[in-house]
Amino acid sequence: MATGRGTEPTLVAWGLAGIPILATLVQTTLAMLETTLGMAGLQAVQSAIRSVAVFDEAAVLMWQSPALVFGLFVLIAGAWVAQGVAQFGRSNRDVTFAAAGLVSVLFFALYLGVYAPLFGSDVPTIQVVAFFAVPVLASGAAIGAALGHDWEETVVEAKSAELAELASELDRKRETFEEAYRRRIGDLGALEELAPNGVEQARRRRREFLDECEDLAADLDATDRNAADQLRAEAASLRSRVEELDPEGEVERIDDELRERVASGVRTTYGTVQSWSRYDRSYELVNLPARFREVEGEAFDSPVHVDRVSDVLLDRIERGEDLETVASAVEDVEDHLSKLNEHVAEREASFAETAQAAESDVETVRAKVDRFEGRVAARLEELVVEGRHGGTPGLRDVEDRLDAGRDALHDCRFDEAEREAEAAADDAGDLVVVVEFLWSVVGTVDHGGDRVSLPAGVEPAVVEELRAAFEDEYGATLRVEGDAVRIEYPAGDAGSGGVGAAADAGREANAGPSAGVARDAGQAARGATADDRADGSDDRATSARPEEIIDSVLFVLRELKNAGRATDDDRAELQTADLPESVATPAVLAQFERFGQRQTDVVESLDVQDDAPPGFVELVPKDGTSVERAIDALHERYQEQYG
């Protein structure tokens, strides 16, 4: 089947070739039938033809061989008709060219064989030339119609070559895009956190371009198998699509959009470089050593201060440096900030561990101060909380030190911060020792005791400051004698069962009629204690409810911790003689030993010398655990379990 595009011109050419062929065939046929145009009613036409000398002479020559001339004209007409059928009906290229060739050969054979004598006749030369131009024009039109026709094989071959060319062009543009993208944008991993939306958009645009290339390649492959007329139409559309691809322009658009996003991310992220602590405060990074406050890397020509990172990166972006180089610089910055934050976090953790210990002791002191009553409680508030005793810092002093330590920490004066935290922790620990010691004094008075060992962390002046309060509240006089505190009661109140009577009387006078109940209970307790000491077989001497002796056990832990600080941190040992008598009791030491030996995750061994007191207490922590941490764990667990 013929294609549609070249049908009309070639049909006209074929028709023009047929005009002389059909005209001469008709005339020859009429002549063979011995019929003239005049007899057919066309006298005027015949006269006009015979008036032309060349036509008149040609008629004479034709009659010399009428059968030959007629036969040749029939063959020429037949060949012409066959060409038309083959070309426009069957689209048979070979038959068409054969028929067109036959038309030409027969036409020239006829004219050269029959009408050649015209060249030697009296006919004007111009007419002879015009007469012989008829076969030339007819043959040319027939052959031209065949040559100019759009044969399917030719179209398919030509368009297939065109599609192959388009495929090569498509591959070239795809490679150009990939190369330009790699050169100008490259790997965006380092920019993902800085400009996540921009990176995602760039990657999406890249995928879209490559997907368009893949779709075009698939369409080119599918079109190559279509028919000629469809192939021609689709080839034009595909060429237009391929030509519209602008790889370098697309990369430039992606690059421009991504640069804007990256620049915005740089301003947001590095405009003010900050590192935040667990206290919700930022560090003064300008005070860090040069190795932390200046960024170095292959992407930077020279060290860049952390406060100028944003300016340097923005300058590179605006100067048009490829984004892969910018990403490398960002990666250097991130690596540096990671090291900076790691360093700051390490120093912060060291400070926080010490500060938390101090804060825990502060809470312990406040809780224990709240357990005292009367004038002793008021005086302790002044001494321990407010710190009105010149030689002993109070809780407010500890909290001020912690605040100063936090200020130094955030100014990046880490050594100073740790010194403040350590000093606060030491002061808070001493205050815990003070309140626990004083509570043991209260217990000793309640039990009628007359002596309490003075811990190393308690200044004798503190006892002197509390002397009047104890006399008013408990009726007992405290006097420091060397490393102990002597408790004296008013004359006449000493002796069996009456050692604490004056103290009871004092509290009764201050507290009113209800104090008699406390006094009676105290006397009963003191009597029981005296009986217990007289009868060693009483189980109460070596056992007690854990919650009843919680303060004494915690006091032992505190003293053991203080003793451990003087060792090489592999064990802690404490002489029971250094403990107040009201604390160093068999019941307290037995409960302390039982509880400690159960904490096998932090304690390797805990021994209390047989028949102590007197004797010693030794604690060995688990491998990888310091003495201080082991004792802190025991302190916290005992308080949570029994407090």
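What counts as what
Residues numbered from 1 in each chain as written. Predicted model: local features only at pLDDT ≥ 70, side-chain atom pairs only at ≥ 80, totals over all residues. Heavy atoms only, no water. Patch = residues over 30% accessible without salt bridge, like charges linked within 9 Å, V, L, I, M, F, W, Y side chains within 5 Å. Areas by Shrake-Rupley, 256 points an atom, 1.4 Å probe, with all protein chains shown as cover. Salt bridge = Lys/Arg side-chain N within 4 Å of Asp/Glu carboxyl O. Lys, Arg positive; Asp, Glu negative; His and termini not counted. Charge placed at Lys NZ, Arg CZ, Asp CG, Glu CD. Helix = DSSP H or I, 4+ residues; strand = E, 2+ residues; numbered from the N terminus. Pairing = 2+ DSSP bridges. Axes fitted to C-alpha atoms, helices over the stretch in contact; angles between N-to-C directions. Contact = heavy atoms within 4.5 Å. Phe/Tyr/Trp six-rings, centres within 6.5 Å; stacked < 30°, edge-to-face > 60°. Buried < 20%, exposed > 50% of the residue type's maximum accessible area, 1.4 Å probe, protein only. Lys NZ or Arg CZ within 6 Å of the ring centre and 35° of its normal.

Asks: So what about a negative patch on the surface? Which residues, and what values?
Replies: Together, Asp187, Glu193, Glu324, Glu331, Glu334 and Asp335 line one region of the surface with negative charge. Positionally, glutamate 193 belongs in the loop between α7 (152-184) and α8 (196-223).

Asks: Can you lay out the sheet that holds strand β8 (residues 616-621) for me, pointing to particular residues and giving the numbers?
Replies: Across a sheet, paired strands are connected by hydrogen bonds in the backbone, their directions being either parallel or antiparallel. Ordered by their spatial adjacency, three strands build an open sheet running β6-β8-β7, and the pairing between neighbours is antiparallel. Pairing within the sheet leaves two strands with one partner each, and these edge strands are β6 (572-575) and β7 (603-608). On average, each strand axis in the sheet is tilted by 5 degrees relative to the strand beside it, whichever way the strands run. Pairing of β7 with β8 involves five bridges; the strand directions are antiparallel. Residue pairing across strands places valine 608 opposite valine 617, the latter belonging to β8. Its contacts with the sheet put helix α21 (residues 586-598) on β7 and β8, and the angle it makes with β7 is roughly 165 degrees. Strands in contact with helix α22 (residues 627-642) are β6, β7 and β8; relative to β8, the strand with the most contacts, it is inclined by about 105 degrees.

Asks: Before we move on, could you go through the packing of aromatic side chains and cite the residues and values that matter?
Replies: Applying the stated criterion across every chain, the model contains nine aromatic pairs. Their ring planes at 65 degrees and their centres at 6.3 Å tell us that phenylalanine 595 and tyrosine 642 sit as a pair that is edge-to-face. Of the two residues, phenylalanine 595 is situated in helix α21 and tyrosine 642 in helix α22; the sequence distance between them amounts to 47 residues. Among the residues examined, tyrosine 642 registers a relative accessible area of 18% and is labelled buried. An angle of 55 degrees between the planes, with centres 4.7 Å apart, marks the rings of tyrosine 638 and tyrosine 642 as tilted. Placement of the pair is tyrosine 638 and tyrosine 642 together in helix α22, with a separation of four residues, close to one helical turn. Classification of tyrosine 638 as buried rests on a relative accessible area of 0%. Clustering of aromatic rings is evident, with ring pairs tying together Phe177, Tyr181 and Phe209. Against the face of tyrosine 181 rests arginine 206, its NZ or CZ located 5.4 Å from the ring centre. The ring of tryptophan 439 carries the charged tip of arginine 371 above its face, separated from the ring centre by 4.8 Å.

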